[in-house]
Amino acid sequence: MKQVPDTATLIRLQPGAKQIETQGIKWVINPYDEFALEEGLRLKERWGGEVVLVALGPARVEEAIRQGLAMGADRAVHVLTNDAVELDVWLVAQALARVCREEGYDLILTGKQAVDDDQAQVGPLVAVALGLPQVTVVVQLAIDAESRRLRAERELEGAIEVVEAPLPAVVTAQRGLNEPRYPTLPNIMKAKRKEVRTVAWESLGLEAAPLVRIESLSLPPARPAAKILTGDPEEAARELARLLREEAHVI
Amino acid sequence: MTINDFFDLERWLSPEERQIRDAVRQFVEAEVRPHAGRWWQEGRFPSELIGPLGELGVFGPTLPEEYGGAGVSGVAYGLMMQELERGDSGLRSFASVQSGLSMYAIYRYGSERQKAEYLPRMARGEVIGCFGLTEPDAGSDPGAMRTVAHKVAGGYRLHGAKRWITNGNLAQVAVIWAKDDEGVVRGFLVPTNAPGFSAREIHTKASMRMSVTSELYLDQVEVGEEAVLPGAHGLSAPLSCLTQARFGIAFGTVGAALDCLEEALEYAKTRIAFGRPIAATQLVQERVVDMLSRVVAMQLRALQLGRLYDQGALHYPQVSLAKRDNARAALEVARMARELLGGNGISVDYAAMRHLANLETVDTYEGTYEIHTLIVGRALTGENAF
Ligand SMILES: Cc1cc2nc3c(=O)[nH]c(=O)nc-3n(C[C@H](O)[C@H](O)[C@H](O)COP(=O)(O)OP(=O)(O)OC[C@H]3O[C@@H](n4cnc5c(N)ncnc54)[C@H](O)[C@@H]3O)c2cc1C
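Residues numbered from 1 in each chain as written. Chains lettered and ligands numbered in written order. Predicted model: local features only at pLDDT ≥ 70, side-chain atom pairs only at ≥ 80, totals over all residues.

## Re the site of the ligand
All names here are of chain B. In the vicinity of the ligand there are 20 residues, among which L133, T134, G139, S140 and T368 approach most closely. In terms of residue count, the dominant contributor to the shell around the ligand is strand 3 (residues 155-166) (three residues). Split by residue class, the shell around the ligand holds nine nonpolar, nine polar and two charged. (Near = placed C-beta within 6 Å. Helix = DSSP H or I, 4+ residues; strand = E, 2+ residues; numbered from the N terminus. Nonpolar A, V, L, I, M, F, W, Y, C, P; charged D, E, K, R; others polar.)

## Examining the nonpolar core
Of all hydrophobic cores here, the largest spans 177 residues; its most connected members are L96 of chain A together with F188, A257, A264, V333, A334 and A337 of chain B. A total of 16 residues in this core trace back to one element, the largest contributor, which is helix 7 (residues 236-270) of chain B. Setting aside its immediate chain neighbours within four residues, A337 of chain B contacts C260, L261, E263, A264, M291 and A352 of chain B. (Core = buried A, V, L, I, M, F, W, Y, C linked by C-beta atoms within 7 Å. Buried ≥ 20, exposed ≤ 12 C-beta atoms within 10 Å, placed from the backbone. Contact = placed C-beta atoms within 7 Å.)

## Points about unusual backbone geometry
Residues and elements named next belong to chain A. For the peptide bond that leads from L167 to P168, omega is -5 degrees, which places it in the cis range. Tracing the backbone through its elements, the reader meets P168 in the loop between strand 8 (159-166) and strand 9 (169-173). In this structure, A120 takes a positive phi of about 55 degrees despite not being glycine. With respect to the helices and strands, the residue A120 is situated in the loop between strand 5 (107-111) and helix 4 (122-130). Phi is positive for R148, close to 50 degrees, though the residue is something other than glycine. Considering the arrangement of structural elements, one finds R148 in the loop between strand 6 (134-144) and strand 7 (149-156). Note on R148: 13 C-beta atoms within 10 Å, which makes it partly exposed.

## Considerations on helix 1 (residues 31-47) of chain A
Residue and element names in this part refer to chain A. Between its first and last C-alpha atoms helix 1 spans 24 Å; for 17 residues at 1.5 Å apiece the expected length is 24 Å, and the two agree. Of all the residues in helix 1, the buried ones are Y32, D33, E34, F35, A36, L37, E39, G40 and L43. Looking one or two places after helix 1, you find G48, whose phi comes out positive at around 80 degrees. (Expected span 1.5 Å × (residues − 1).)

## Observations regarding helix 11 (residues 369-381) of chain B
With 13 residues, helix 11 of chain B extends 18 Å between its outermost C-alpha atoms, agreeing within 8% with the 18 Å of an ideal straight helix rising 1.5 Å per residue. In the stretch just after helix 11 of chain B, G382 of chain B is the one whose phi turns positive, near 80 degrees.

## A closer look at the interface of chain A and chain B
On the chain B side, the residues contacting the 12 residues of chain A number 14 residues. Elements with a contribution of two residues or more to the side of chain A that touches chain B: helix 2 (61-71) and helix 5 (185-191) of chain A. Residue classes in the side of chain A that touches chain B are distributed as seven nonpolar, two polar and three charged.

## Overview of the pairing of strand 5 (residues 185-191) of chain B
All names here are of chain B. Most of strand 5 is tucked away: six of the seven residues are buried. Where strand 4 (residues 173-179) and strand 5 come together, seven bridges link them in antiparallel fashion. Looking at the pairing, W177 lines up with G187 of strand 5. Between the end of strand 4 and the start of strand 5, which pair antiparallel, lie five residues, with G183 showing a positive phi angle near 85 degrees. (Pairing = 2+ DSSP bridges.)

## Some points on the domain arrangement of chain A
Here the domain parsing of chain A yields domain 1 (3-204) and domain 2 (223-251). A straight line from the C-alpha centre of domain 1 of chain A to that of domain 2 of chain A covers 44 Å. (Domains from an automatic or database assignment.)

Set out below in C-alpha cells:
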C-alpha cells in the first residue's frame, strides 16, 4: 500500500526540480491500493486468514497505515525510509518482496498502479522477485481455497480476459474490482491498538543503487486558451468541423 | 491554508480525530449530498441511512464500548457533527437527538439495566430515541411544563403533550420529562407503542424539512417503575442533556457554514457578470472574506470547547456562548452565500437556502439566542434576568 498526494493537490516542484514540494500536501491511500485492500478483507471474511498491510515510505505513511488498519487489516509492516535513500521501483519491489517472504503469503494484492508516478511496475516486480505468477489489472477475482487456484477477469482495451493461476500469486487491482468500505468509528479506535512493525530501510541490506534515476521534473506547459467560435451558426459549425479535422485530427 | 481550515487547526487534531472526521465526510459526500436538496424539498428523512450511520458509529460515540460506543474524544464527536451538518442540519439533528439527548439521558441517569437494554441497540440504530421536553406552552421556560406523572401502584401514569419533538414519529422509545406528584421533574423511558401514547408529525415546516418533528400526546399512559430514570431529580437533569447537544451544535454549525462558504466561493469564481467572474469584484471579495472570517471564529470556538470538554474543564456558560454565537454566525454566513448566488441562491439545487432555512431552527432550538444571552449574562453579572 502506497501513500500518495490527494489527486486534487496542486503540484509544485522543489527547487532543483527532482522532487515535488511535499509541504502542505494532503496525503491519501493510493485509490487502487484501496481496491486491493478491500479485496483482501473480503477474501478474509470468506475464507478466514489474516490481512497484513505492507507499506514503504517516510514516517508520514503511518497515517495511511492506520487508515488501512481502520478499514480492517489485522496488522501492518512499515518499511521506514528517509530522504537520504534514493529509490526506484525495482528497489521498492525488492524491499516489499523481502517483507513478504518474511511474513509468508497465500496471495499478494497491490493496486494496478500508483496515481502519483503511474509506473504500474511494483506489483509485477514483486512477483518477479518472488518467482510468482502475476495477474494484473483485475476487475473480478475468485479464489478456490481447496484447489488453491484463482480465476480472474482482466480489463483489456474493449475486452475482458479470463485467466487462471495457481496460488500463491500477485494480483493487481483495477477500479471496478469492488467498492472499498468506509473505515467505521469502532474500527478507527481499534486500529490504534493494532500492531505496526517498523522495519528500517537500512536493516534490509539493500545496498544496490537504483536502476532508474530521475533526471528532472517539469510541470506540463500551461494549456493554451480555448478557441471560441462565434457568428453565424452554420459557418461556425463548418469552421468547427474543419478545425477538428485539420488541427485536432480527430475526425 | 485551505478554505476549509484557514488557520490550520488540523495540526491540533489527533490522527484518530482526523480519520473519524474524514470517514464521516466521505459517508456524507457519497450518501447524502447528492440527494440532500431533493429529500429536503420532499420533506423526507432518509431512514434507510439509519443502519449505515449506526455502523459508521455516529450514535453515542463518546460512550464506553460496553454500551456500544467507541470512547472517542469530545473533539472527535464534534467533528462528526460538523460533517453531518455539512450534509444537512436535519441529519445532524437526528444524530444529536439520538446521541446527545436520548442516549446521554439514559447513560447519565439510567439504571444499569436500562443502559444495557437500550444503549447498545441505540448505538446500532436499531432503537431510535426522542427527547420530549418542550410543550405547546413551555419552550424557553421548561419549568412551566404541564405534563404530569402521577404515582400509581407499581409505577406512574403520565398525562400531557409535547411539541416540536425531533424524531417523534421515528422513535421506539421517548425520553419524557414530567412533574411528579411533588412537582419534581422526573425522566421516563416510554415505549412509543404504549397504550395512550401517540405522535403526530408536523408537516408545515419551512425549515429542517429533512428532519422528522412531531407532537406527542400522552393520554393516561401507564408505565412501570422500571421506566423511571432513577438518577434524574429536577430540571437540572434534562438541562444537562441539553448541554451535550448544544456542544454538538457548536461544531455542527461549522459544517453548515463551511458548505455555504465553499459553494459561494466556487460560484463566485465561475459566475460571469460584466465580462468577468464576480469573484474579481471588490464587493464580492469582501463578502467571501467576511464569510471566511466568521467561519474561522466559529472553528476556533468549537475546537477550544472540545478541548475543554476532553479535559473535563467545560462550564455550561461557555457552551451557551458557543451555541449562541456559532448558530448566529452560521446563519449570517448562509445568508451571505444565498445572496452571492443571486437567483440560483433561492433554489434547492444549491445548498445555501436549505442551510439558511435550517439554521433558523438551529438558532432557536436547544435554547434560543436570547436564552443563551441570559445564561451568559447571568454568569457575567450574577443577576438573573430571565
Ligand atoms: C425543528 C425543531 C425541532 C425541535 N426539537 C426538539 C426536541 O427534540 N425536543 C424538545 O424538547 N424540543 C425541541 N424543539 C423545541 C425548541 O427547543 C423550542 O422551540 C425552543 O426552546 C423555544 O421554545 P418556544 O418555541 O416555546 O419559544 P418561546 O419560549 O415561546 O420563545 C419565543 C421567543 O421569546 C423569546 N424569549 C422567551 N423568554 C425570554 C426572556 N426571558 N427574555 C427574552 N426573550 C425571551 C425567545 O428567545 C423567543 O425568541 C425543537 C424545535 C424545532 C423548531
